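Structural overview
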Amino acid sequence: MYKRVLLKLSGEALAGSCGTGIDPETVDKVVCQIVELSKLGVEIAIVVGGGNFWRGRQGVAMDKVTADHMGMLATIMNALALQDAIEKKGVPTRVQTALPISAVAEPFILRKAIRHFECGRVVIFACGTGNPYFTTDSGAALRATEIKADVLLMAKNVDGVYDSDPKTNKNAKKLSELSYMEVLNKNIAVMDFTSVTMCMENKLPIIAFGLAEENSIVRAASGEKIGTLIH
């Protein structure tokens, strides 16, 4: 069992089969696992994307900086939805944002986040790094490094990393382990290069696993061999 984890969730994951917006059933499945881990004493941080509401490519005719800031605002909606769902199950939760929006969330302050963990609270980090041109994967790698997480859990739409696209190649093989350099050299699409490099420089292991698998978040955080370990 890891002591402190950072869970990266895509916005699309929260949409479930709906494709957009927030699917209550999907959110409940995710939240039940987060609550279970918290009760087991695991310190949990979450970074959530905003793709269920807005993706930068939607603003293709828009200024890139503007489009990225809109994406950051979308992550706040997801963070607040997760906070509400987790607290309804009795676990105190705080949202911290890289952009100041003090009416609904705290600004990101590392010492305050650590204190929240010590008090048994779940902490949700929104707005990525707070800067355009960076993905929420980069935000996850950055926050995981800052809080000294034991592992970065990447909840994906597939159950790990494959040597080719399993959607188009029925003979694609799942890889149980990869090195950081293999991911970079082979251009494997787990997360962007900036994120992988940051994890490599700080010796932060990454577990990429399928969110749809039964109890997958708990299993990954418990140290069970699930998905693909990148280290």
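The preceding data block contains the structure.
Report follows, based on the coordinates. (Residues numbered from 1 in each chain as written. Predicted model: local features only at pLDDT ≥ 70, side-chain atom pairs only at ≥ 80, totals over all residues. Heavy atoms only, no water.)

Turning next to the overall build of the protein chain. Check the secondary structure of the protein chain and you find 8 helices and 11 strands. Taking 231 residues into account, the globule formula puts the C-alpha radius of gyration at 17 Å, and the protein chain, at 17 Å, falls close to it. Overall, the C-alpha framework of the protein chain stretches about 50 × 45 × 35 Å when taken along its three principal axes. Evaluated residue by residue, the protein chain yields a buried proportion of 50% over its 231 residues. Contacts in the protein chain between residues at least 24 apart in sequence constitute 71% of all its contacts with a sequence separation of at least 6. Counting every atom, the protein chain has about 11,100 Å² of accessible surface; 53% of that belongs to carbon and sulfur. (Helix = DSSP H or I, 4+ residues; strand = E, 2+ residues; numbered from the N terminus. Rg over C-alpha atoms; globule rule 2.2 N^0.38 Å. Buried < 20%, exposed > 50% of the residue type's maximum accessible area, 1.4 Å probe, protein only. Contact = heavy atoms within 4.5 Å. Areas by Shrake-Rupley, 256 points an atom, 1.4 Å probe, with all protein chains shown as cover.)

It is at 9 Å that the axes of helix H2 (residues 24-39) and helix H3 (residues 64-87) come closest, and there the two elements cross at 60°. Taken as axis vectors, H2 and H3 run oblique relative to one another. Read as a crossing pair, H2 and H3 show a hand that is right-handed. Residue-level inspection shows Val27, Val31, Ile34 and Val35 of H2 in contact with H3, the latter providing Leu82, Ala85 and Ile86. Its residues placed into classes, the contact of H2 with H3 shows 7 nonpolar, no polar and no charged. (Axes fitted to C-alpha atoms, helices over the stretch in contact; angles between N-to-C directions. Parallel < 35°, antiparallel > 145°, perpendicular 65-115°, else oblique. Left-handed = near helix turned anticlockwise from the far one by under 90°. Nonpolar A, V, L, I, M, F, W, Y, C, P; charged D, E, K, R; others polar.)

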